[in-house]
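# Structure at a glance
This is what each chain is made of:
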Amino acid sequence: MSRNEEGLQALGKKTEYRSDYAPEVLETFVNKHPGNDYWVRFNCPEFTSLCPITGQPDFAEIRISYIPDVKMVESKSLKLYLFSFRNHGDFHEDCVNKIMKDLIALMDPKYIEVTGLFTPRGGISIYPFANYGRPGTRYEQMAHERFLRHDM
């Protein structure tokens, strides 16, 4: 079965970019290897959002790594979702946490982490990191350990 037969809407169609934050564009497909633990990593080196105070653009590389369970995020829909922040005003930390929470709600992954490598503004760069491990599983402990050892 092709991915389009799984009900995906964005893949293979003309790209329509949203003008503000749009979590509804995110789509999933079924993980064919749910019994295996493996990492999926996305890098978005052209992420932009707006400062909620000044309206100035903020630029970052967003890194998303996760261990899937039943569902996986479709990459074109993820791209459209991340691009939807372009005219959205939020602080760096809020963007990273919002991305992580939206992906948890979408996929219910075993584990996920999101890092934002924001370029300097005013001489200071900010690199927020957020992670999550499914409660009551070994991934919850993994999240705790990775968080404690996280090197910003």
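Please refer to the structure higher up on the page.
Below is a summary of the structure that appears in this document. Owing to the predicted nature of the structure, the values given are computational and were not obtained by experimental measurement. (Residues numbered from 1 in each chain as written. Predicted model: local features only at pLDDT ≥ 70, side-chain atom pairs only at ≥ 80, totals over all residues. Heavy atoms only, no water.)

At their nearest, the axes of helix α1 (residues 75–83) and helix α2 (residues 92–107) sit 12 Å apart, and the two run at 145 degrees to each other. For the element pair α1 and α2, the recorded crossing hand is right-handed. Where α1 abuts α2, its residues Leu78, Tyr81 and Leu82 lie against Lys98, Ile99, Asp102 and Leu103. Of the residues belonging to the contact of α1 with α2, the class tally is five nonpolar, no polar and two charged. (Axes fitted to C-alpha atoms, helices over the stretch in contact; angles between N-to-C directions. Helix = DSSP H or I, 4+ residues; strand = E, 2+ residues; numbered from the N terminus. Left-handed = near helix turned anticlockwise from the far one by under 90°. Contact = heavy atoms within 4.5 Å. Nonpolar A, V, L, I, M, F, W, Y, C, P; charged D, E, K, R; others polar.)

In this model, Asp108 sits at a positive phi of 55 degrees, which is unusual for a non-glycine residue. Summarising the element assignment, Asp108 is placed in the loop between α2 and β5 (111–118). Residue classification places Asp108 among the partly exposed residues on the basis of a relative accessible area of 39%. (Buried < 20%, exposed > 50% of the residue type's maximum accessible area, 1.4 Å probe, protein only.)

As enumerated under the stated definition, the model contains eight aromatic pairs in all. Aromatic rings pair up to connect Tyr21, Phe47, Tyr81, Phe85 and Phe118 into one cluster. If you follow Lys98 out to its NZ or CZ, it ends over the ring of Tyr21, 4.8 Å from the centre. (Phe/Tyr/Trp six-rings, centres within 6.5 Å; stacked < 30°, edge-to-face > 60°. Lys NZ or Arg CZ within 6 Å of the ring centre and 35° of its normal.)

On to α1, then. Of all the positions in α1, only Lys76, Ser77, Leu78, Leu80, Tyr81 and Leu82 are classed as buried. Those residues of α1 hidden inside the fold are in contact with β2 (40–50), β3 (57–67), β4 (71–73) and α2. At the N-terminal boundary of α1, the capping side chain belongs to Glu74, with an oxygen 3.0 Å from the backbone nitrogen of Lys76. (Polar contact = N/O pair within 3.5 Å; in protein donor to acceptor, adjacent residues only side chain to side chain.)

Bear in mind that shape data such as this cannot, by itself, settle questions of function.
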